[in-house]
Amino acid sequence: TDYKADKHPDWCPGCGDFGILSALQMALFELRLDPSQTVVFSGIGCSAKTPHYLNVYGVHTLHGRVLPVAQGAKLANPHLAVVAVGGDGDGLGIGAGHFVAAGRRNVDMLYILYDNEVYGLTKGQAGPTLGLGEKTKSLPKPNPQGRVNPLLLAFASGYTWIARGYAYDVKGLKELIKEGLSHKGLAFLHVLQPCPTYNDLHTKEWFAPRIYRLQDEGYDPHVPEGLPPEELDKKMAQFQEKAAEWGERIPTGIFWKAEVPTFEERLKAYLPRYPEVYPALGQQEPLDLEGLLKEFAL
Ligand code: SF4
């Protein structure tokens, strides 16, 4: 199966989005996912064009709303492979409430956040991950707001798999996408995505000497179920230290991988026949209108 659509991407030359798209295409291919059972959702922004360039189902949604739509689709048909993609402005600015709410649910899907620290589609305004006092060439003055750390926010929200990739490390990114898609629960993949058109601070030349892989330093992200509290504390401290590391050294790889029941598993307590019977199948039994009227009669 060829996962590349016929359409040629119209991103700027050198954009990190090309690397993410290639990694996604390779990951879908290597996992042999059925294109008729795979959906990629996007929000609004340069990154949101991704589904147009993939030969699977794609839905280009609204600004900041990719997570509710993607989660809704996954719950309506739990047998789909679902990937949501969006930029840092989309996911951590207007979509920040949905980002947190999704972490609390742990629906079994992958969310990839393309982080270029600017709103590229609208000429490079400061995004929520640009640091306080930083000034890209697209800004008239230094940024007066502080940055959100996507990894720490994901952790605080309850994401059960948290990783970071780099757009120009396509092979490493492909492996992370495969791992994220194979994780049972909500996987969050933060991707450092240089925007050569508007972000002249964090370019590929800036990233190259700083990026390193956690796995090369013996970091173990696995958090087994039922870990004793003192062991869990150690894991959390290890995570926080690495998630906050930024500057001379920037870690990539899997930071956190926990075993927690998915939202779909929790739903079984309310819907015993789920996921065998799920909304996308349509109405399974005729509606008992008379019974409903009696139940709700005043
Ligand atoms: Fe990529 Fe930046 Fe161009 Fe958007 S504006 S396509 S993020 S290089």
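You'll find the structure just up there.
Here, residues in each chain are numbered from 1, in the same order as that chain's written sequence. pLDDT decides what is reported in this predicted model: residues at 70 or higher carry local features, side-chain atom pairs at 80 or more are listed and counted, and totals for whole chains, interfaces and linings draw on all residues regardless. Only hydrogens and water are removed before side-chain values are computed, so all heavy atoms of the structure are retained for them.

Enquirer: Any chance you could break down the packing of helix α2 (residues 66–76) against helix α4 (residues 96–105) for me, citing the residues and the numbers?
Expert: Inter-axis angles, ranging from 0 to 180 degrees, are taken between N-to-C directions of lines fitted to C-alpha atoms, where helices are fitted over the stretch in contact. Numbering of helices and strands runs from the N terminus; a helix is a DSSP stretch of H or I covering at least four residues, while a strand is a stretch of E covering at least two. At their nearest, the axes of α2 and α4 sit 9 Å apart, and the two run at 30° to each other. Taken together, the axis directions place α2 and α4 in an arrangement best described as roughly parallel. Residues Leu67, Pro68 and Gln71 of α2 pack against His98, Phe99, Ala102 and Arg105 of α4. Nonpolar residues are Ala, Val, Leu, Ile, Met, Phe, Trp, Tyr, Cys and Pro. Charged residues are Asp, Glu, Lys and Arg, and all others, Gly as well, are polar. The residue makeup of the contact of α2 with α4, split by class, is four nonpolar, two polar and one charged. An angle below 35 degrees is treated as roughly parallel, one above 145 as roughly antiparallel, one from 65 to 115 as roughly perpendicular, and anything else as oblique. Throughout, a residue-residue contact means that at least one pair of heavy atoms, one from each residue, lies within 4.5 Å.

Enquirer: Lay out the packing of aromatic side chains in plain terms, naming residues and giving numbers.
Expert: Think of it this way: a Phe, Tyr or Trp ring, Trp meaning its six-membered ring, pairs with another when their centres are within 6.5 Å, and the plane angle makes it stacked under 30 degrees, edge-to-face over 60, tilted otherwise. What the rule picks out here adds up to 17 aromatic pairs. Between the aromatic rings of Tyr166 and Phe207, the centroid separation amounts to 5.4 Å while the plane-to-plane angle is 50°, which identifies the pairing as tilted. Taken as a pair, Tyr166 in strand β7 (residues 161–166) and Phe207 in helix α7 (residues 204–207) lie far apart in primary sequence, 41 residues in all. Phe207 shares its class with Tyr166; the two are buried. With centroids separated by 6.2 Å and ring planes inclined at 75°, the aromatic side chains of Phe239 and Phe255 adopt a geometry described as edge-to-face. Residue Phe239 is located in helix α8 (residues 229–244), and its partner Phe255 is located in strand β11 (residues 250–258); the two are separated by 16 residues in the primary sequence. Taken individually, Phe239 and Phe255 each receive the classification buried, so the pair is uniform in this respect. Relative accessible area decides the class of each residue, using a 1.4 Å probe on protein chains only: under 20% of the type maximum gives buried, over 50% gives exposed, and in between gives partly exposed.

Enquirer: Got a sec to walk through the environment of His60? Specific residues and values, please.
Expert: Inspection of the secondary structure puts His60 in strand β2 (residues 57–60). Along the chain, His60 and Thr50 lie ten residues apart, while their C-alpha atoms are 8.8 Å from each other. Contacts of His60, omitting those with residues within four sequence positions, involve Ser42, Gly43, Ile44, Ala48 and His52. Polar contact criterion, stated in full: a pair of N or O atoms within 3.5 Å, where within protein one must be able to donate a hydrogen and the other to accept it, and residues adjacent in sequence count only if both atoms are side-chain atoms. There is a polar contact of 3.3 Å between the side chain of His60 and the backbone oxygen of Gly43. A polar atom in the side chain of His60 sits 2.7 Å from the side chain of His52.

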